[in-house]
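Observations on the three-dimensional arrangement
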Amino acid sequence: MNQPKIIMPFLRLAFLALAALSVAGCAQYADVKPRTPIFRAAATPSAEHLSFRQRIEQAARLRKSRPLAAVGDYLAAADAAAKRLQADPDDAVAREAYNFALARIVGTLKDAGLAPWPQPLQIPAENGGYTLTYKRDRRPKWNPADYVFTPADQFDVRGKYVADRMTKPGVGAPLVAMGREKNKNFREEFSVPRTFYGVTAVVRFRGKTAELALEDPLATEEVNIGGRALPLAADFTVPLAVLLDDANPKTKEITRLLWPEKYAETAKLTRLQPYDPNKTVVLVIHGLMDSPATWAPMINKLRSDPVIRQNYQFWFYSYPSGYPYPYSAAILRRELDAVQKKFPLRKPMVVIGHSMGGCISRLLITDAGEKLWETIFGQPRAQTPLSGEARRIFTDALVFNRRPEVGRVIFVSAPLRGADMATDWTGRIGSSLVRAPQTLLRAGADAMSLATWQTGDLRLRRIPNSIDTLAPNSRFVRAINTIPMSARVPVNVIGGDRGKGGNKDQREPVMSDGVVPYWSLHIPQAESERIVASDHSAHQNPDAIAEVARILKKQAEQ
């Protein structure tokens, strides 16, 4: 009789051990180490190309002992290379010399604790020297003194989420701008706590004046050098990698599931770049036991596409994934209300939800009104005897209409009708380990006694957590699937089948990504549906990312 009580603690420990091993065994999301870049001149250089290399090599010898003299030689190399590019913009050696010398100028000034933004720098050189100035930026809140700039070519980047280094050839030295301090108003500004952003340095010469500019490669495609419009160089991967390496989100993904109350402050909407009212927002939402880091492979790839850079900006919604997802959706609705006051959108946003993030996305395009409440409680809201706090929490979670700012949703591996894994022994043990916030426990104690139940419903004595709300027999899952999504919002579906195929209904073998079966993610009215040979991480699959790019480009054309 007591055997289950004895076995359960051991099974719970086993579940925790397996979860910890899965995290420890996974490849690191991003591993960033310093490297020493090397100037690679032509194998058989011309006299002019040889002069670039000689100036750069001379500067390298002076860099530690006489940093300003080294900057002078680097400027001379960049000046000569810029003149060559004016004559022949296709001269690859001149472009490499210009970019390399410029990167070393920024790196040398950083190491010497110098910068041209407080006041111009007088730089000695054999040809009479230069006055190095800074071109003021049009962005009102951009102050280069707030950042440390490191050339992107000084980073060796590896890791699961940054395996592909996405760059754009052109002129300029890609840099990582790292905030010197934490952003004090990051929540009010919907920004990251500490900035890690990619910019590209460009220097223009007017006689002996060298003007340094810091361009945003997500906003600028071309720059004028000596009267010629040339493509701006960019490195889209390194800033993401440095951000991931610094934040190390992997360490909190399990704990945000198991102890969501401890991480309540991490439930927020965040911009990944400066707000541009002329670009459509793409809002990405992660799933269970995950974090916004999971989107790095997709964002890394999408940002390398000029059409997407021109038309879209990326935001993400982060939340403790132990919360029941209707509660997480309620928090997101409050965040959207606040962000609209700060950054009113001119264009309908695109929402991409992976796994449970897709379930949250579904609620953004559903006109539930009072229907969910009446289905779950069996009576109108006004007649339901709930206390003030419980009434507020359940009203926020169950009474809502579609968000007018959402213009499209892309569902990726979304268990809209639930996943059987949530009801098997691993799901039940995992559910028992999630510690619901005290506010939800108090609200749930009142509500669960009032809820109506149907045959086969997952019955609980406490408020459901995230795993419970992914069960196919969850009271909420069954109720929400009686309410259609708004026909006014187009949707697209992407899923995985692990390359095994299978039946699209519940007959064995069932088509599945290993977690979500096809019958759960399928939406009959979807504008498109793409099944890729992927496991549950379909949002990181190259074919799925290409499908997202196709959808975004099609929308941009419209």
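Here, the structure is the one placed above.
Residues numbered from 1 in each chain as written. Predicted model: local features only at pLDDT ≥ 70, side-chain atom pairs only at ≥ 80, totals over all residues. Heavy atoms only, no water.

**Description of the overall build of the chain**
Looking only at helices and strands, the chain features 18 helices and 19 strands. Over its C-alpha atoms the chain spans a radius of gyration of 27 Å, differing by no more than 12% from the 24 Å that the globule rule assigns to 558 residues. Each principal axis of the C-alpha distribution contributes one length, and for the chain these read about 90 × 45 × 40 Å. Looking at the chain residue by residue over its 558 residues, the buried ones come to 55%. Considering only contacts within the chain whose residues lie at least 6 apart along the sequence, 76% involve residues at least 24 apart. Here the chain displays about 24,600 Å² of accessible surface, and carbon together with sulfur accounts for 53% of that area. (Helix = DSSP H or I, 4+ residues; strand = E, 2+ residues; numbered from the N terminus. Rg over C-alpha atoms; globule rule 2.2 N^0.38 Å. Buried < 20%, exposed > 50% of the residue type's maximum accessible area, 1.4 Å probe, protein only. Contact = heavy atoms within 4.5 Å. Areas by Shrake-Rupley, 256 points an atom, 1.4 Å probe, with all protein chains shown as cover.)

**With respect to empty space enclosed by the protein**
Summed over all chains, the structure comprises five cavities of 30 Å³ or more. Estimates place the volume of the largest cavity at around 320 Å³. Looking at the largest cavity, it is lined by 23 residues, and the ones nearest its centre are Ile 376, Phe 394, Ile 463, Pro 464 and Phe 476. Sorting the residues of the lining of the largest cavity by element identifies helix 10 (325-342), helix 12 (371-377), helix 13 (388-398), helix 15 (438-448) and helix 16 (475-480) as the ones contributing at least two each. Its residues assigned to classes, the lining of the largest cavity shows 19 nonpolar, two polar and two charged. (1 Å grid on protein atoms, 1.4 Å probe; cavity = no way out; pocket = protein on both sides within 12 Å on 5 of 7 lines; lining within 4 Å. Points joined across faces, edges and corners; volume = space filled by probe spheres on them. Nonpolar A, V, L, I, M, F, W, Y, C, P; charged D, E, K, R; others polar.)

**Some words on the sheet that holds strand 2 (residues 121-123)**
Spatial ordering of the open sheet is given by 2-3-9-8-7-4, a layout of six strands whose pairing is mixed. A strand with exactly one partner marks an edge of an open sheet, and here the two such strands are strand 2 and strand 4 (147-151). In this sheet, adjacent strand axes meet at a mean angle of 35 degrees when their direction is disregarded. Relative to strand 3 (residues 130-134), strand 2 runs antiparallel, the two being bridged by three bridges. Bridge pairing links Ile 123 to Tyr 130 in strand 3. On top of the sheet, helix 4 (residues 92-112) reaches strand 2, strand 3, strand 4, strand 7 (173-179), strand 8 (196-206) and strand 9 (209-215); it is set at about 140 degrees to strand 4, its chief contact. Each of strand 7 and strand 8 is contacted by helix 6 (residues 238-247), which is oriented at about 140 degrees to strand 8, the strand it contacts most. (Pairing = 2+ DSSP bridges. Axes fitted to C-alpha atoms, helices over the stretch in contact; angles between N-to-C directions.)

**Details of the pairing of strand 17 (residues 406-412)**
Counting buried positions along strand 17 gives seven out of seven residues, so the element sits mostly inside the fold. Looking at chain direction, strand 16 (residues 349-354) and strand 17 are connected through six bridges and run parallel. Bridge pairing links Ile 352 to Ile 410 in strand 17. Pairing of strand 17 with strand 18 (residues 491-496), which is carried by four bridges, proceeds in the parallel orientation. Of the residues in strand 18, the one forming a bridge with Val 409 is Val 491.

**Quick word on the nonpolar core**
Core analysis: the biggest nonpolar cluster contains 78 residues, and Leu 283, Tyr 325, Leu 332, Leu 372, Leu 398 and Phe 411 have the highest contact counts within it. With seven residues, helix 10 is the largest single contributor of residues to this core. Excluding residues that lie within four positions of it along the chain, Leu 372 makes contacts with Leu 398, Phe 400, Phe 476, Ala 479, Ile 480 and Ile 483. Ranked by size, the runner-up nonpolar core spans 59 residues in total, among them Phe 39, Ile 123, Tyr 134 and Val 223. (Core = buried A, V, L, I, M, F, W, Y, C linked by side-chain atoms within 4.5 Å.)

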